[in-house]
Amino acid sequence: MLNETQDYQIIKILNNNVILALEKESHQEMILVSKGIGFGKKENMVIHLTDEKIEKKFLAFDEKMKKEYFQLMNQIDGKVIGVSEEIIAKAEEALGKLNPHIHIVLTDHIGFALERMQMGMEINNPFLYEIKMLYEEEFAMGQIAAALIHKNLNIDICEGEIGFIALHLHSARQNKNISETMKNTRLLKELIEIIQTEITIPIGEHGLTYMRLMNHLKGMITRLEEGKFIENPFLKDLKKQFKESFKFAQKLGRYIQESKGAALPESELGYMAIHIERIKGTKIK
């Protein structure tokens, strides 16, 4: 079966690969992403496309989002919107479906970040190390985003900014608000600092141990938010064998409860005690 051809009237050309267009049949405005779709075209021109020729479509699902997006279009350079839409299209290919609000929040973030860079304002990302460790796929996508920004805008963004893009992508992937993702990342960083202070061992020097700990803490916070916990059949033995580490895990549990407003069960604290023992250098049987 052949794909039906649709007529689109070009409203605005954002770059060679991204346009804002009006679908003539439905009278709906949408962003279209496809290689070369805007090249050599002019505004108000009608083009004929099949769905297979379009890599990505973005249509605002409600009037509120549509209003926000078009306000953004009036405030930000079309080239920035174009490259942001290319980034989102590639991110969805790599990471899966993202929350539609990413079209607004990521575009707004990139536009504001580029403004700050042009003003010579330094971008500092205090969570860069944690982001690279926790959100590896999103950070790799952030690096692709940096390459697209350089290609389209001839601007080089710093690694800290790549980290912030990764945070936005992770938030959209998890259907979370960026502020919640930032809060969780800050909490993870603080927990690591508490552990390092208590044990006086620089965890960062032990890559695999650090990665295991970070991934466990990340999963634990997710389970806490969802109220879904894993059983620990060794809990009774762990509390005896690793008494001091379990007490320390309880201390960390209280810190997490203060931050998240919910308590971790002892089963989770038991697994945390195992990771603490690993950091100490204890051979876990």
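Reading the values: rules and limits
Residues numbered from 1 in each chain as written. Predicted model: local features only at pLDDT ≥ 70, side-chain atom pairs only at ≥ 80, totals over all residues. Heavy atoms only, no water. Phe/Tyr/Trp six-rings, centres within 6.5 Å; stacked < 30°, edge-to-face > 60°. Helix = DSSP H or I, 4+ residues; strand = E, 2+ residues; numbered from the N terminus. Buried < 20%, exposed > 50% of the residue type's maximum accessible area, 1.4 Å probe, protein only. Pairing = 2+ DSSP bridges. Axes fitted to C-alpha atoms, helices over the stretch in contact; angles between N-to-C directions.

Enquirer: Lay out the packing of aromatic side chains with the relevant residues and their values.
Expert: Overall, the coordinates contain three aromatic pairs when judged by the stated rule. Residues Phe 58 and Tyr 69 carry aromatic rings whose centres are separated by 5.1 Å and whose planes lie at 70 degrees to one another, so their mutual orientation is edge-to-face. With Phe 58 in strand β5 (residues 56-58) and Tyr 69 in helix α1 (residues 63-75), this pair connects stretches of sequence that are eleven residues apart. Looking at Phe 58, the relative accessible area reads 6%, which means it is buried. Note on Tyr 69: relative accessible area 3%, which makes it buried. When the ring of Tyr 129 is compared with that of Tyr 210, the centres are 5.2 Å apart and the planes differ by 70 degrees; the resulting orientation is edge-to-face. With Tyr 129 in helix α4 (residues 128-134) and Tyr 210 in helix α8 (residues 207-226), the pair connects residues that are 81 residues apart, well separated along the chain. By relative accessible area, Tyr 129 is classed as partly exposed at 44%. A residue is classified by how much of its surface remains accessible, and Tyr 210, at 2% relative accessible area, is buried. Here the aromatic cluster, defined as three or more aromatic residues joined through ring pairs, consists of Phe 58, Tyr 69 and Phe 70.

Enquirer: I'd like a rundown of the environment of Lys 240, residues and numbers included.
Expert: One can find Lys 240 in helix α9 (residues 235-241). For Lys 240, a relative accessible area of 64% corresponds to the exposed category. The spatial distance from the C-alpha of Lys 240 to the C-alpha of Gln 118 is 58 Å, given a sequence separation of 122 residues.

Enquirer: An account of unusual backbone geometry is needed here, citing residue identities and associated values.
Expert: We note that Asn 44 has phi near 80 degrees; this positive angle belongs to a residue other than glycine. For Asn 175, which is not glycine, the phi torsion reads 55 degrees and is therefore positive. With respect to the secondary-structure elements, Asn 175 resides in the loop between α6 (159-173) and α7 (178-199). Residue classification places Asn 175 among the exposed positions, given a relative accessible area of 55%.

Enquirer: If you had to explain the sheet that holds β5 to someone new, which residues and values would you point to?
Expert: Sheet architecture is open: five strands sit in the order β4-β1-β2-β3-β5, paired in antiparallel fashion. Since the sheet does not close on itself, it has two edges, and those belong to β4 (46-49) and β5, each with one partner. Across this sheet, the average inter-strand angle for adjacent strands is 40 degrees, counted without regard to direction. Both strand β1 (residues 6-15) and strand β2 (residues 18-23) contribute to a ladder of six bridges, which runs antiparallel. Its bridge partner being in β2, Gln 9 is matched across the sheet by Leu 22.

Spatial relationships are all this shows, so hold off on functional conclusions.
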